[in-house]
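Examination of the molecular architecture
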2 protein chains.
Amino acid sequence: MTQKKKLQQISANIRRWILNCTNRAGSGHPTSSMSAVELMVALFFDGHFRYDIDHPRHYNNDRLIFSKGHASPLFYALWCAADAVDEDDLMTYRRFDSVFEGHPTSRFRYTEAATGSLGQGLSIGVGMAMSGKYVDEIPFRTYVLIGDSELAEGSQWEAMQIASEYQLDNLVGILDVNRLGQRGPTMQGHNLNVYQKRIEAFGWNTVIVPEGHNLSEISEAYQQAKRCKDRPTMIIAHTIKGKGVSFLEDKNGWHGKALDDEQLKQALKEIEEVPTDLRGELKPPQEVNFPVLERSQPEELKYEIGEKIATRTAYGNAVARLGDKFSNMVILDGEVSNSTRAEFFQEQFPERYFEMYIAEQNMVGAALGMALREKMPFVSTFAAFFSRAFDQIRMSPYSGANVKFVGSHAGVEIGQDGPSQMGLEDIAMFRSVLGSTVLYPSDAVSTERCVEQMANRCGIAYLRTTRGKLPVLYGRDERFPIGGSKVLRRSNDDQVTLIAAGVTLHEALSAADELGRSGVSVRVIDLYSVKPLDVETLKAAARETSLLVTIEDHFAAGGIGETVCGALSDTSITIRSLCVSMRPRSGTTEQLLDQQGISAGKIVEAVKESITSMTHSWQ
Amino acid sequence: MTQKKKLQQISANIRRWILNCTNRAGSGHPTSSMSAVELMVALFFDGHFRYDIDHPRHYNNDRLIFSKGHASPLFYALWCAADAVDEDDLMTYRRFDSVFEGHPTSRFRYTEAATGSLGQGLSIGVGMAMSGKYVDEIPFRTYVLIGDSELAEGSQWEAMQIASEYQLDNLVGILDVNRLGQRGPTMQGHNLNVYQKRIEAFGWNTVIVPEGHNLSEISEAYQQAKRCKDRPTMIIAHTIKGKGVSFLEDKNGWHGKALDDEQLKQALKEIEEVPTDLRGELKPPQEVNFPVLERSQPEELKYEIGEKIATRTAYGNAVARLGDKFSNMVILDGEVSNSTRAEFFQEQFPERYFEMYIAEQNMVGAALGMALREKMPFVSTFAAFFSRAFDQIRMSPYSGANVKFVGSHAGVEIGQDGPSQMGLEDIAMFRSVLGSTVLYPSDAVSTERCVEQMANRCGIAYLRTTRGKLPVLYGRDERFPIGGSKVLRRSNDDQVTLIAAGVTLHEALSAADELGRSGVSVRVIDLYSVKPLDVETLKAAARETSLLVTIEDHFAAGGIGETVCGALSDTSITIRSLCVSMRPRSGTTEQLLDQQGISAGKIVEAVKESITSMTHSWQ
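Residues numbered from 1 in each chain as written. Chains lettered and ligands numbered in written order. Predicted model: local features only at pLDDT ≥ 70, side-chain atom pairs only at ≥ 80, totals over all residues. Heavy atoms only, no water.

All right, on to the UniProt feature "domain: Transketolase-like pyrimidine-binding" (unreviewed entry) in chain A then. The positions that UniProt labels "domain: Transketolase-like pyrimidine-binding" (unreviewed entry) are, in the present scheme, residues 309-472 of chain A. With 37% helix and 20% strand, the stretch residues 309-472 of chain A has end C-alpha atoms that lie 7 Å from each other. (UniProt positions renumbered as here; feature names shortened; annotations may be inferred. Helix = DSSP H or I, 4+ residues; strand = E, 2+ residues; numbered from the N terminus.)

We now examine the pattern of salt bridges. On inspection of all chains with the given rule, the structure shows 73 salt bridges over all chains. Of the charged contacts in the structure, one is a salt bridge between Arg94(A) and Asp417(B), with a shortest N-O distance of 2.7 Å. Remark: Asp417(B) occurs in the loop between β10 (404-408) and α16 (426-431) and Arg94(A) occurs in the loop between α5 (87-90) and α6 (121-135); the pair is interchain, linking two chains. Here Asp417(B) falls in the buried class, since its relative accessible area comes to 19%. Of the charged contacts in the structure, one is a salt bridge between Arg523(A) and Glu544(A), with a shortest N-O distance of 2.9 Å. Here the residue Arg523(A) occupies a position in strand β16 (residues 522-526), and Glu544(A) occupies one in helix α19 (residues 535-544), the gap between them amounting to 21 residues. A relative accessible area of 4% means that Arg523(A) is categorised as buried. Residue class for Glu544(A) comes out partly exposed when judged on its relative accessible area of 36%. (Salt bridge = Lys/Arg side-chain N within 4 Å of Asp/Glu carboxyl O. Buried < 20%, exposed > 50% of the residue type's maximum accessible area, 1.4 Å probe, protein only.)

Here the bond from Lys531(A) into Pro532(A) is cis, since omega is -5 degrees, no more than 30 degrees from zero. Along the chain, the position of Pro532(A) falls in the loop between β17 (529-531) and α19. At Gln167(B), a residue that is not glycine, the phi angle is positive and equals roughly 50 degrees. Positioned with a positive phi, His409(B) is a non-glycine residue whose angle comes to about 60 degrees. With respect to the element layout, His409(B) can be found in the loop between β10 and α16.

Turning our eyes to something else, we now look at the sheet that holds strand β7 (residues 329-333) of chain B. Residues and elements named next belong to chain B. Here we have seven strands laid out as an open sheet, ordered β8-β7-β9-β10-β12-β11-β17, and mixed in their pairing. A single partner strand is all that each edge strand has here, and the edge strands are β8 (353-355) and β17 (529-531). Geometrically, the sheet is characterised by an average inter-axis angle of 20 degrees between neighbouring strands, direction not taken into account. Judged from the four bridges that link them, β10 and strand β12 (residues 461-464) form a sheet pairing that is parallel. Of the residues in β12, the one forming a bridge with Val406 is Leu463. (Pairing = 2+ DSSP bridges. Axes fitted to C-alpha atoms, helices over the stretch in contact; angles between N-to-C directions.)

What follows covers the side chain of His506(B). All names here are of chain B. When you line up the elements, His506 lands in helix α18 (residues 503-517). A residue is classified by how much of its surface remains accessible, and His506, at 10% relative accessible area, is buried. Engagement of the side chain of His506 in a polar contact is seen with the backbone oxygen of Ser442, the distance being 2.7 Å. What His506 contacts, discounting residues up to four positions off in sequence, is Ser442, Leu470, Pro471 and Leu473. (Polar contact = N/O pair within 3.5 Å; in protein donor to acceptor, adjacent residues only side chain to side chain. Contact = heavy atoms within 4.5 Å.)

Among the structural elements, Tyr195(B) can be located in helix α8 (residues 192-201). Separated by 46 residues in sequence, Tyr195(B) and Ser149(B) have C-alpha atoms that sit 11 Å apart.

Often, the extent of an interface is quoted as the loss of accessible area upon association of its parts. Contact with chain B, which involves 104 residues of that partner, is made by 105 residues of chain A. For the pair chain B and chain A, the summed buried area comes to about 8500 Å², and 50% of that belongs to carbon and sulfur atoms. The largest share of the area that chain B buries against chain A comes from Phe96(B), Arg388(B) and Arg583(B), three residues that together contribute 10% of it. Where chain B packs against chain A, one counts twelve salt bridges. Here chain B and chain A share 63 residue pairs in polar contact (both at pLDDT 80 or more) between them. (Buried area = accessible area lost by both parts, 1.4 Å probe.)

On to the sheet that holds strand β18 (residues 547-555) of chain A, then. Residues and elements named next belong to chain A. Read from one edge to the other, the open sheet built from five strands follows the order β14-β16-β15-β18-β19, with strand pairing classed as mixed. If you trace the sheet from one side to the other, it starts and ends with β14 (486-489) and β19 (574-580), each paired once. In this sheet, neighbouring strand axes are inclined to one another by 25 degrees on average, regardless of whether the strands run parallel or antiparallel. Where β14 meets β16, three bridges bridge the pair, whose relative direction is antiparallel. From the neighbouring strand, Lys486 faces β16, where its bridge partner is Asp526. Contacts from helix α18 (residues 503-517) reach β14, β15 (496-500), β16 and β18, with the element oriented near 170 degrees to β16. Across the sheet, α19 lies against β14, β15, β16 and β18, angled at about 165 degrees from β16, the strand it touches most.

What follows covers the relation of the copies chain B and chain A. Mapping chain B onto chain A calls for a rotation angle of 180 degrees and an axial translation of 0.0 Å; the resulting RMSD is 0.0 Å. This pairing of chains is accounted for by a two-fold axis. Most of the interface of chain B is mirrored in chain A, where 100% of its interface residues are also at the interface. (Least-squares fit on C-alpha atoms with pLDDT ≥ 70 in both.)

For chain A, the assigned domains read domain 1 (3-269), domain 2 (308-471) and domain 3 (486-618). Computed from C-alpha coordinates alone, the two centres of domain 1 of chain A and domain 3 of chain A are separated by 52 Å. (Domains from an automatic or database assignment.)

Nonpolar side chains tend toward joint burial in soluble globular proteins. Leu498(A) and Leu498(B) are the most contacted members of the largest nonpolar core, which has 232 residues in total. With near-sequence residues (within four places) excluded, Leu498(A) lies in contact with Ala508(A), Ala511(A), Ala512(A), Val522(A), Arg523(A), Val524(A), Ile525(A), Val549(A), Ile551(A), Ile603(A) and Val607(A). (Core = buried A, V, L, I, M, F, W, Y, C linked by side-chain atoms within 4.5 Å.)

Before going further, it helps to spend a moment on the packing of helix α11 (residues 311-322) of chain B against helix α17 (residues 444-456) of chain B. Residue and element names in this part refer to chain B. Viewed as axis vectors pointing N to C, α11 and α17 meet at an angle of 45 degrees, and their least axial separation amounts to 8 Å. Considering the angle they form, α11 stands oblique to α17. For the pair α11 and α17, the crossing hand works out as right-handed. When α11 is examined against α17, the residues Thr311, Ala314, Tyr315, Asn317, Ala318, Val319, Arg321 and Leu322 are found in contact with a partner set consisting of Ala444, Thr447, Glu448, Arg449, Val451 and Glu452. For the contact of α11 with α17, a count of residues per class yields seven nonpolar, three polar and four charged. (Parallel < 35°, antiparallel > 145°, perpendicular 65-115°, else oblique. Left-handed = near helix turned anticlockwise from the far one by under 90°. Nonpolar A, V, L, I, M, F, W, Y, C, P; charged D, E, K, R; others polar.)

All names here are of chain B. Most of strand β15 (residues 496-500) sits inside the fold, with five of its five residues counted as buried. Neither face of β15 is open: one carries Val496, Leu498 and Ala500, the other Thr497 and Ile499, and all of them are buried. Two elements, β15 and strand β16 (residues 522-526), share five bridges in a ladder whose sense is parallel. Residue Thr497 lies in a different strand from β16, and its bridge partner there is Arg523. In this region the chain leaves β15, passes through α18 and returns to the parallel neighbour β16; the handedness of that crossover is right-handed. Bridging between β15 and strand β18 (residues 547-555) involves five bridges; their strand directions are parallel. In the strand pairing of β18, Ile499 is matched with Thr550. (Right-handed = clockwise from strand over helix to strand, strands pointing away.)

Written out as structure tokens, the structure reads:
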């Protein structure tokens with residue numbers, strides 16, 4: 001059998017599998033899968049894609065990401081054709097007990113990155129390509145299958161601009177222009193030249209494939225892509241949605257619809273019957289010497305108690321210090337490294353610092369891509385601007401990501417810049433991420449220790465830092481385990497417990513001292529680990545004191561107050577939560593904390609008021 | 001005085017004001033403001049911009065949005081030069097008691113839209129232009145000042161593609177290419193041709209202004225923009241950051257820095273001294289006949305109790321029904337109208353439906369723009385995909401927006417598509433938005449009534465809808481006030497209260513019935529108003545029953561459980577919260593609800609377990 005015939009037959013098998021598995025599941029996106037069959041078959045089985053199916057973690061495997069994640073039937077069918085999975089298993093598609101989920105996740109062995117929320121795949125590919133080209137300097141190539149509809153997502157254009165800026169000639173996008181979106185035609189339809197013009201304007205090489213189901217044309221495009229130096233390549237293919245079955249081809253109204261049994265029967269008649277045990281072979285990856293990680297001991301901390309340092313500055317010091325210990329640590333920042341202090345790392349390790357400009361969605365996606373290539377990215381911007389990338393952040397856990405997020409300029413504390421720059425929802429946002437850790441240290445020592453903890457523990461973590469200078473509270477030998485807390489004021493006669501973090505921890509200490517002078521004994525807990533919480537210490541306070549007051553420079557929803565209330569919901573303790581509740585504005589830190597009722601003076605007032613009303617109600 | 005001289009002198013005054021007000025505040029972005037002085041002076045005072053400063057709400061005023069919101073000193077100075085504000089007031093810049101905030105908000109009378117989080121202004125302008133061209137058909141023009149750094153934001157490219165798709169020739173972007181970002185040069189520097197190529201590829205007309213401080217060149221560009229039909233225009237100007245003061249011009253390191261007193265003195269020496277009472281005049285707007293709003297009575301609801309209808313379908317029915325009553329209602333959807341059911345409105349009122357394609361950031365920004373032009377936008381997509389636009393959503397309140405968000409496909413309930421499509425953080429996200437309303441109705445009748453409530457109340461609101469069909473619970477005469485709840489099962493002997501919404505409300509009812517059969521009397525509360533909460537009913541339940549159990553198809557962080565715990569934190573009631581806590585996956589609705597412990601059977605188990613352990617602890 002000629003190579004061409006073999007590829008055609010593999011394509012036929014794949015179409016059968018797509019139609020069958022979605023019919024079995026009663027749902028799925030067969031027509032979206034069918035438009036890209038030849039694009040993927042040529043890639044995999046005509047000698048372009050290099051991969052060892054027995055070693056998915058091989059450093060130099062090529063990478064394939066389905067940015068159009070709903071074409072998962074094709075994705076899984078491809079690996080079946082490569083003999084990496086069984087046909088029977090493929091037929092468990094979308095079942096509860098199956099790893100073949102509706103959109104690919106890390107539960108499936110060959111998923112590079114979880115997708116399904118459109119427009120995210122190219123950024124992840126950018127990160128992988130950057131990692132390969134600049135960090136590890138190994139030649140694997142990254143391929144991203146992209147739908148035409150999802151090119152409307154701005155995140156894709158962020159990725160494109162960064163890919164050309166970084167000259168990622170090891171990155172190939174494959175644009176499946178099948179003309180039809182979910183509810184009708186895309187804006188450009190089959191006008192490939194519009195896509196070409198835009199993508200070339202963004203600095204990419206492009207290869208048009210006028211017949212997107214012609215295997216040799218497609219193969220030639222992959223060859224051209226390989227030859228192109230210094231620029232990434234977008235293969236732009238004119239395809240037909242539902243290709244292979246006449247009553248589906250280029251027809252609106254079939255998006256996201258599986259065929260029923262009768263329709264399936266009709267459809268299968270139109271597809272060549274081929275030996276179902278036919279499989280293709282993937283070319284193995286080139287062997288490389290993977291760089292050996294050098295490690296060294298980090299320097300010790302040098303802070304003195306009482307010294308005033310911003311926690312964002314301590315963060316910068318920490319990563320500059322730890323960059324030697326963790327040689328796979330990389331930093332990505334969004335045009336604000338002189339504010340977040342990521343610049344300190346850039347000064348020490350310029351080859352591992354990546355400027356990602358004002359494009360947070362792509363920055364997060366690229367960080368994920370790097371993490372999936374075994375780097376440890378710390379990603380920084382203002383806490384408020386991570387909201388720009390919430391979709392990408394929310395999707396990260398489904399890839400099994402090891403990404404550390406660092407948001408500076410938390411709260412109204414930032415002062416005069418005003419609300420657009422204030423992080424007031426970031427704790428809630430990062431708490432909602434599956435399996436995340438959320439840390440909010442209040443001084444330089446605890447910040448540096450938290451950064452160490454984050455680096456030592458795999459998974460998604462978020463560190464919240466403050467703009468202004470705050471006094472160092474802790475000695476260098478203090479430890480700050482994730483899930484712990486610090487009790488800074490404590491006696492056996494405590495009536496009230498103040499629970500705070502970051503800037504409000506300092507306000508709480510002042511308040512406690514003032515209340516102490518008026519005869520009210522106050523416990524103070526530094527809740528630097530917001531997630532997971534130190535429930536034990538909180539419950540002890542609930543048992544031993546009569547009132548808990550949480551104070552945070554953050555909105556109420558999903559913040560420290562709500563997480564504490566939730567954790568203590570099986571106790572009878574009274575909890576009062578102070579937080580940002582009025583519309584914030586420009587002003588000085590002191591004026592703004594006071595306006596929001598979270599300054600030392602306002603904490604004292606609130607405690608006295610609560611004690612008074614509690615006393616009355618006991619009487 | 002010639003017109004040219006007058007404009008030059010106004011520019012000099014404006015530079016003085018920029019330097020002075022930032023010096024007084026001790027912070028701000030003078031150099032970013034100075035690069036765009038002539039661009040704005042020509043617009044305002046050379047007869048292009050038409051505006052009545054005594055009537056900022058005039059329907060046909062032209063609109064000016066500072067997408068580069070940090071150039072607020074310029075923005076305010078411009079209005080001062082137009083005699084709309086006093087110079088003395090301008091000098092209160094960034095003070096706590098001042099409306100001249102660090103980035104423009106709706107507290108300042110002439111702010112069209114709050115900005116400061118970069119890359120959002122063009123979308124808002126798109127919405128305003130769409131409103132003017134297609135809804136009201138009045139000829140005002142919308143101008144958006146854009147920074148070059150912020151063009152890295154994908155949201156700007158989303159806006160550009162939609163603007164050309166919708167042929168918005170009443171929209172003009174002014175790109176201030178001053179080469180320098182916050183921490184260094186932008187990717188393109190002063191290569192205007194790269195911007196031109198990209199922007200033209202996106203379908204815009206472009207006008208290059210090689211001398212971005214040459215008032216007549218700039219004026220000519222505005223004329224060209226006005227003459228261009230069927231396409232929006234981007235004026236691309238080569239400018240100098242810090243223009244006007246030699247030691248600032250084109251110098252890195254000055255971003256976001258105000259001048260100190262000595263530097264100010266030096267700087268002012270370089271700026272022409274002109275009569276400080278010199279003011280410019282804005283050309284008044286053309287008078288138009290504003291369309292009269294026709295209103296009619298909506299049809300009555302037709303649902304029968306027990307009938308199975310998805311709440312997303314009821315949403316579609318509601319807006320199709322209410323479109324006559326609210327003739328300023330518009331709908332924007334992100335390529336999923338056949339899923340969200342926004343298509344029902346499209347069928348009835350095609351001229352008020354706007355397809356926004358797979359570009360949620362721009363969709364939200366455009367909705368804001370329309371709302372600011374007195375339309376009432378309902379914006380829909382999957383609940384999960386609103387996370388793509390969290391930054392735009394978070395910023396909306398600072399413009400005083402009247403926008404209604406509708407997120408479908410909430411929770412694991414959606415089944416086989418899997419986690420990428422599941423809204424599991426949306427309640428938290430929308431609760432965190434300042435002043436928002438969050439509604440989560442459980443049946444068709446309450447959904448339609450909630451939509452009516454949202455339409456009747458000004459402000460930001462979010463409605464969460466479910467994919468699958470659920471039985472109608474309520475009669476047509478039931479009312480669903482915002483801040484209310486419904487008690488569906490109640491007796492004087494209730495031991496336990498179940499609090500739920502949406503799909504879990506139905507599970508709770510089944511659980512209550514089963515528990516009732518085992519002798520446990522259960523109250524059931526439909527918490528359709530998640531924010532604001534019906535605290536009174538919750539407190540009554542806390543007094544009258546021994547255990548509250550919240551059940552939600554949503555993650556724990558910031559969800560229904562946490563909001564209820566927070567609201568009852570001054571009571572001693574025990575609250576147990578069931579929610580999505582394990583990593584979700586593909587499967588049937590029943591399997592997934594059960595896996596997460598939020599199905600009827602699991603609720604029964606949890607209640608029995610809690611009762612047992614509470615009984616033991618009482619012993």
